[in-house]
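# Overview (structure and organization)
These are the residues of each chain, in order.
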Amino acid sequence: MKILITGANGQLGTELRHLLDRRGLEYRATDAKELDITDANAVNAYVKDSQPDVIYHCAAYTAVDKAEDEGKAINQKVNVDGTKNLAVAAGESNATLVYISTDYVFDGDSDELYTVDHKPAPRNEYGRTKYEGELAVQKYAKKYYIIRTSWVFGEYGHNFVYTMLNLAKTHDTLTVVNDQYGRPSWTKTLAEFMTFAIDQKLEYGIYHVSEDNSCNWYEFATEILKDTDTKVLPVTSAEYPQKAWRPRHSILDLSKTKATGFELPTWQDALHGFMDEIANA
């Protein structure tokens, strides 16, 4: 099986590469230097030359606040145009496209779990472009998995866990919002499901993948820092304004993913596993 990875040096792409390495699988790893996904001709030529069976599309613009203004153009080019280019190339080459999306495609107003069939209604620029990416995948790729996730953390990039741990080194007290609820997601879990979907030949379509259980950001931070001397205090979103809108309640329904037999750890177990890994690295 021939494998192509975009965004291979990013947080998820790096995790995926290490997983494939452990399994002894060969792949082509690309980042912006090797393949500009916003260039349709370059994408078509690269895919035509490499003839991948699977394209793991990990490349994305994820600067949520910058996407509202100075990053708006690149956000559009990478998340929409780039994804469309890959979807077209995948469709023409009959490759399976695995696309990573986000809980930000939803409005965050519902108190119910967001199912895979819930109507998207993004309310920030990042969410809008990721949803438009979903639509491009559905339109142009013949075979695809759209994997929505949330609150991603992992060893190989910037994320909330590292931010909290670093701030705790210089702060006795931190304030974190307690009125935004979701599910943390370890890149290890995401990478394992991405390969699981291919290996098990799951039904094509949309899946939600995050850790089991849910929390708010304050609860997440408290668990991260429970073995430190730093005190975490809860604040409201109104007390901590951000440029891009954040969903109040975007807890993804995981029932479809669980029905495949894929085991999802609790976010607490995933966090502790991650903390152990970086402590022993």
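This text follows the structure it describes.
Attention in this report is confined to the structure presented alongside it. (Residues numbered from 1 in each chain as written. Predicted model: local features only at pLDDT ≥ 70, side-chain atom pairs only at ≥ 80, totals over all residues. Heavy atoms only, no water.)

### A few points about the overall build of the protein chain
A tally of regular secondary structure across the protein chain gives 9 helices and 12 strands. Considering only C-alpha atoms, the protein chain reaches an extent of 55 × 40 × 35 Å along its principal axes. For the protein chain, the proportion of its 281 residues judged to be buried stands at 52%. Within the protein chain, contacts between residues separated by at least 24 positions form 81% of all contacts whose residues are at least 6 apart in sequence. Where the 30 positive side-chain charges of the protein chain centre and where its 42 negative ones centre are 6 Å apart. (Helix = DSSP H or I, 4+ residues; strand = E, 2+ residues; numbered from the N terminus. Buried < 20%, exposed > 50% of the residue type's maximum accessible area, 1.4 Å probe, protein only. Contact = heavy atoms within 4.5 Å. Lys, Arg positive; Asp, Glu negative; His and termini not counted. Charge placed at Lys NZ, Arg CZ, Asp CG, Glu CD.)

### Some details on the nonpolar core
Ranked by size, the top nonpolar core spans 31 residues in total, and within it I5, L16, Y56, V98, I147, F193 and M194 carry the most contacts. For this core, the secondary-structure elements that each account for two or more residues are β1 (3-6), α1 (11-22), β3 (54-57), β4 (96-102), β5 (143-149) and α6 (187-199). Among the elements that take part in this core, α6 stands out by supplying 7 residues, more than any other. Aside from chain neighbours lying at most four places away, what touches Y56 is I3, L4, I5, T6, L16, V98, M194, T195 and I198. (Core = buried A, V, L, I, M, F, W, Y, C linked by side-chain atoms within 4.5 Å.)

### Observations concerning empty space enclosed by the protein
Counting across every chain of the model gives 1 cavity of 30 Å³ or more. Y104, W151, Q180, Y181, W217, R246, P247 and S250 together form the lining of the largest cavity. Its residues assigned to classes, the lining of the largest cavity shows 5 nonpolar, 2 polar and 1 charged. (1 Å grid on protein atoms, 1.4 Å probe; cavity = no way out; pocket = protein on both sides within 12 Å on 5 of 7 lines; lining within 4 Å. Points joined across faces, edges and corners; volume = space filled by probe spheres on them. Nonpolar A, V, L, I, M, F, W, Y, C, P; charged D, E, K, R; others polar.)

### Things to note about the layout of surface pockets
Of the volumes computed, that of the second largest pocket is approximately 160 Å³. Around the second largest pocket, the lining comprises 15 residues; the ones closest to its centre are D53, V54, T96, K143 and Y204. Listed by contribution, the elements that provide at least two residues to the lining of the second largest pocket are β5 and α6. When the residues that make up the lining of the second largest pocket are grouped by side-chain class, the tally is 8 nonpolar, 4 polar and 3 charged.

### A word on the sheet that holds strand β2 (residues 28-29)
Sheet architecture is open: 6 strands sit in the order β2-β1-β3-β4-β5-β10, paired in parallel fashion. Every other strand in the sheet has two partners, leaving β2 and β10 (205-208) as the edge strands with one partner each. Bridge count for β1 against β2 is 2 bridges, and the pairing is parallel. Counted as the bridge partner of L4 is R28 from β2. With respect to the sheet, α6 is in contact with β3, β4, β5 and β10, its orientation differing from that of β5 by roughly 155 degrees. (Pairing = 2+ DSSP bridges. Axes fitted to C-alpha atoms, helices over the stretch in contact; angles between N-to-C directions.)

### Description of α1
In this model α1 runs 17 Å from its N-terminal to its C-terminal C-alpha over 12 residues, within 8% of the 16 Å that 1.5 Å per residue would give. In terms of residue burial, α1 counts as a mostly covered element, since 9 of its 12 residues are buried. Burial in α1 covers these residues: Q11, L12, G13, T14, E15, L16, R17, L19 and L20. Positive backbone phi, at 70 degrees, marks G24, one or two positions downstream of α1. (Expected span 1.5 Å × (residues − 1).)

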